[in-house]
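Reading the structure
Here are the chains, one letter per residue:
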Amino acid sequence: MPTRRELANAIRALSMDAVQKAKSGHPGAPMGMADIAEVLWNSHMKYNPNNAKWVDRDRFVLSNGHGSMLIYSLLHLTGFADMGIEDLKQFRQLHSKTAGHPEYGYAAGIETTTGPLGQGLTNAVGMAIAERTLAAHFNRPGHDIVDHHTFVFMGDGCLMEGLSHEASAMAGTLGLGKLIAFWDDNDISIDGHIGDWMERDVAGRFESYNWHVIRNVDGHDAEAVSAAISAAKAVTDKPTLICTRTVIGFGSPNLCGTHDCHGAPLGDAEIAATREFLNWPHAPFVIPQEIYDGWDHKAKGDADEVDWNTRFAAYAAEHPALAAEFTRRMASELPANFAADMDKFIAHTQEQMPNIASRKASQNTIEAMGPLLPEMFGGSADLTGSNLTNWSGTVKVNHANANGNYISWGVREFGMAHMMNGMVLHGGFKVYGATFLMFMEFMRNSLRMSALMKIPTIYVYTHDSIGLGEDGPTHQPVEQIATMRMIPRFQTWRGCDAIESAVSWKMAMLREDGPTALIFSRQNLKPMPRTAEQVKLIEKGGYVLKDCAGVPDLIIIGTGSEVELAVNAADALTAKGKNVRVVSMPSTCVYDTQDQAYRDSVLIPGVKRVSVEAGVTGFWAKYVGLDGASVGIDTFGESAPAGDLFKEFGFTVDNVVKTCESVLA
């Protein structure tokens, strides 16, 4: 029977060999944390290599994702079928499962993409929030069908990032007792020993967040690590930080404890010396059968899942409706009637044609969706009253109550976004969170990560332009919408009235393969008349809102609050004898996915075009071409009433008409 150290050494050997073969990578962290990982994965963590998506598995997040060979080694050794030894040999190679950082969706058992430091910890907090809330929604006396932990490994770099403060403070405030974090306290980052740039009392910092902190655990003492995990599980009203002192690159005689083994191969000579030091005589990528047998978790995982299935069957017998709802939600299936009911709401909104701000239209839509979607979970970064993201059925989740559907995240835009991603990754919820559009700048990495992972997080942004007025240029977005539209797989919607706003919500809720930003105005927007066919065409992202007789001389493209301006300018040009079409394009991203025939039917080839949007103009060149023009704003705003600002920056009928006439001249 292999010893724990021998089992851990398999991780060290695989990690140093894969990095050496790739001539690239980070061997230090996997070698330093191998003993901790062995204890956790072999003695404390609940998972099934034969079913990586078992809903009540413990979640494991490697926040220090540069140490990716740690999780790849764990998945291989414990028996995940799609992580074979050949996959490890392809570490960091094109189209391999074993990318430089763990990539969600590349291999079973990877719960999230990590790499940007601190983000994995924050995802883990979101996962723990989801577990706690889902348990409150579904567990009943005698039936704890949702009962799992979230474990996260993190390094010094994760804790230096400001994001870690936002997430850790929220975790402590909520009392997430099933979140357990391991701090790899090895005193090393890329620039060397961290004493000159890292705070001295990390443990005290986490105690101030209301965490249970276990100090000074020897990360290379299996019994001490196991005792710490047991102590962490015993505390159920606080998250736990286990401070594990480790030696980076443990086992490397000449490089351990230095930054030289952090992010570079050890080299052939040092690998040979490490093999001798660890008494690991096996060739690269060769794992003895007794080591595999010591790691194999398939039988234990199957037994744990069978036990849960038995308990879930008893739960279903006593609570059949709840069991069916739990199954539906964890399968990410919307209620069968959702789309049809939303279509009825949208048709009713078109009939009513309310003249309201699109943020209010958004709230009306949330109100309509709430009774349809018990999985809907909202929040705002301290701006609920401005974003209008609550509804009559809102129940706050806080320290005292987990059985809710909304979180006030505080002024934590970045943390909010990554915690939302964690909730989505966990499953069981349709998650949205809101702030002012300008503050998406705090969240940019999280938007990109949700697109990279193809997960359907919904970002709600209000106060979408200079139209927010007196708060001035620090709060007035100019370039933000254009830059979001450029993120691959990311869909951005900016509706021109209550009807387009409702459609955008429907499309965001239906989407499963990527994130969506919904952008809404502070000011009232005039509702546009449409036929039922036009209402349906909104879903295509761009459509003909107002047409002319015959072939148009000009097409004006508008979005959001500027669509009304486009319509009024078209009317003025029509009065002058011009044939003008108006296209509303609430989502350029979705419009771009339509077939060429449809796109050509909306933006007719050869017809000149002008775009109108209260944002930067460069983005619109792909639609208006070299012979078109854009009415926009390529500078920053000013502090003044909204009406004065729109005039100052040329968002007037006269200026749009003048621009159109110059294009036609």
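Cut-offs used in this document
- Residues numbered from 1 in each chain as written.
- Predicted model: local features only at pLDDT ≥ 70, side-chain atom pairs only at ≥ 80, totals over all residues.
- Heavy atoms only, no water.
- Helix = DSSP H or I, 4+ residues; strand = E, 2+ residues; numbered from the N terminus.
- Rg over C-alpha atoms; globule rule 2.2 N^0.38 Å.
- Buried < 20%, exposed > 50% of the residue type's maximum accessible area, 1.4 Å probe, protein only.
- Contact = heavy atoms within 4.5 Å.
- Areas by Shrake-Rupley, 256 points an atom, 1.4 Å probe, with all protein chains shown as cover.
- Pairing = 2+ DSSP bridges.
- Axes fitted to C-alpha atoms, helices over the stretch in contact; angles between N-to-C directions.
- Right-handed = clockwise from strand over helix to strand, strands pointing away.
- Core = buried A, V, L, I, M, F, W, Y, C linked by side-chain atoms within 4.5 Å.
- Expected span 1.5 Å × (residues − 1).
- Salt bridge = Lys/Arg side-chain N within 4 Å of Asp/Glu carboxyl O.
- Parallel < 35°, antiparallel > 145°, perpendicular 65-115°, else oblique.
- Left-handed = near helix turned anticlockwise from the far one by under 90°.
- Nonpolar A, V, L, I, M, F, W, Y, C, P; charged D, E, K, R; others polar.
- Phe/Tyr/Trp six-rings, centres within 6.5 Å; stacked < 30°, edge-to-face > 60°.

A closer look at the overall build of the protein
- The secondary structure content of the protein amounts to 27 helices and 20 strands.
- Since a compact globule built from 665 residues should have a radius of gyration of about 26 Å, the 28 Å found for the protein is in line with a globular shape.
- Projected onto its principal axes, the C-alpha coordinates of the protein cover approximately 90 × 60 × 45 Å.
- The proportion of buried residues among the 665 residues of the protein is 62%.
- Considering only contacts within the protein whose residues lie at least 6 apart along the sequence, 77% involve residues at least 24 apart.
- A total accessible area of about 23,900 Å² is found for the protein, and carbon and sulfur atoms account for 53% of it.

Some details on the sheet that holds strand β3 (residues 179-185)
- The parallel open sheet is built from five strands, whose spatial order is β1-β2-β3-β7-β6. Looking at strand neighbours, the two that pair on one side only are β1 (59-62) and β6 (212-218), the edges of this open sheet. The mean angle between the axes of side-by-side strands here comes to 15 degrees, regardless of whether they run parallel or antiparallel.
- Pairing of β1 with strand β2 (residues 150-155) involves four bridges; the strand directions are parallel. The residue bridging Leu 62 from the neighbouring strand is Phe 153, located in β2.
- Against the sheet, helix α2 (residues 28-44) contacts β1, β2, β3 and β7 (240-245), and its axis sits at roughly 180 degrees relative to β2.
- Sheet contacts for helix α5 (residues 119-138): β1, β2 and β3; angle to β2, the most-contacted strand, approximately 165 degrees.

Let's talk about the pairing of strand β14 (residues 516-519)
- In β14, alternate side chains face the same way, and those of Thr 516 and Leu 518 on one face and Ala 517 and Ile 519 on the other are all buried.
- Of the strand pairs in this sheet, strand β12 (residues 458-462) and β14 are connected by four bridges, and their pairing is parallel. Bridge pairing in β14 places Ile 458 opposite Thr 516.
- In this fold, the crossover linking strand β13 (residues 491-494) to β14 by way of helix α20 (residues 498-510) has right-handed handedness.

Quick look at the nonpolar core
- Core analysis: the largest hydrophobic core is formed by 75 residues, its most contacted members being Met 369, Trp 505, Ile 556, Leu 603 and Phe 651.
- If near-sequence neighbours (up to four positions away) are discounted, Ile 556 is found in contact with Ala 566, Ala 569, Ala 570, Leu 573, Val 580, Arg 581, Val 582, Val 583, Val 610, Val 612 and Cys 660.
- Listed in part, the 74 residues of the second largest apolar core include Leu 121, Leu 176, Met 198 and Tyr 461.

Concerning helix α15 (residues 358-369)
- Its twelve residues place the ends of α15 16 Å apart at the C-alpha level, agreeing with the 16 Å of an ideal helix rising 1.5 Å per residue.
- The set of residues buried in α15 consists of Ser 358, Arg 359, Ala 361, Ser 362, Gln 363, Thr 365, Ile 366 and Met 369.

Quick notes on the environment of Thr 236
- Secondary-structure assignment places Thr 236 in the loop between α9 (222-234) and β7.
- Counting along the chain gives 61 residues from Thr 236 to Gly 175, while the straight-line C-alpha distance between them is 8.1 Å.
- Thr 236 has contacts with Gly 175 and Gly 177, leaving out every residue within four places of it along the chain.

Points about the pairing of β12
- Summarising burial for β12: five of the five residues are buried, a large majority.
- Residues Ile 458, Val 460 and Thr 462 point to one face of β12 and Tyr 459 and Tyr 461 to the other, with burial holding for every one of them.
- Looking at chain direction, strand β11 (residues 430-436) and β12 are connected through five bridges and run parallel. By the bridge assignment for β12, Gly 433 is matched with Tyr 459.
- For the crossover from β11 across helix α18 (residues 444-453) to β12, the handedness is right-handed.

Focus on the sheet that holds strand β16 (residues 543-546)
- In space, the five strands of this open sheet follow the order β16-β18-β17-β19-β20, with mixed pairing throughout. The open sheet has two edge strands, β16 and β20 (629-631), and neither has a second partner. Mean inter-strand twist for the sheet, computed between neighbouring axes without regard to direction, equals 30 degrees.
- The sheet contact formed by β16 and strand β18 (residues 580-584) spans three bridges and is antiparallel. When the sheet's bridge partners are listed, Val 544 is paired in β18 with Val 583.

Here we look at the pattern of salt bridges
- Per the stated rule, a full pass over the model turns up 35 salt bridges.
- Of the charged contacts in the structure, one is a salt bridge between Lys 506 and Asp 343, with a shortest N-O distance of 2.6 Å. Here Lys 506, found in helix α20, pairs with Asp 343, found in helix α14 (residues 338-352); they are 163 residues apart in sequence, far enough to count as distant.
- By relative accessible area, which is 3% here, Lys 506 ends up buried.

Structural notes on the packing of α15 against α20
- Here α15 crosses α20 at 50 degrees, and the two axes come no closer than 9 Å. Considering their axes alone, α15 and α20 lie oblique with respect to each other. Every pair of crossing elements has a handedness; the one defined by α15 and α20 is right-handed. When α15 is examined against α20, the residues Ser 358, Ala 361, Ser 362, Thr 365, Ile 366 and Met 369 are found in contact with a partner set consisting of Ala 498, Ser 501, Ala 502, Trp 505 and Met 509.
- Along the lines of polarity and charge, the residues of the contact of α15 with α20 split into seven nonpolar, four polar and no charged.

Digging into the packing of aromatic side chains
- Considering all chains together, one arrives at 24 aromatic pairs under this definition.
- Both rings, one in Tyr 47 and one in Phe 80, keep their centres 6.3 Å apart while their planes meet at 5 degrees; by these two values the pair is stacked. Here Tyr 47 is found in the loop between α2 and β1, whereas its partner Phe 80 is found in the loop between α3 (68-78) and α4 (85-89), with 33 residues between them in sequence. With respect to burial, Tyr 47 and Phe 80 carry one shared label: buried.
- When the centroid spacing of 5.9 Å and the interplanar angle of 90 degrees are considered together, the rings of Phe 646 and Phe 651 count as edge-to-face.
- With a relative accessible area of 8%, Phe 651 lands in the buried category.
- Joined through ring pairs, the aromatic side chains of Trp 41, Tyr 47, Phe 60, Phe 80, Phe 151, Phe 153 and Phe 182 make up one cluster.

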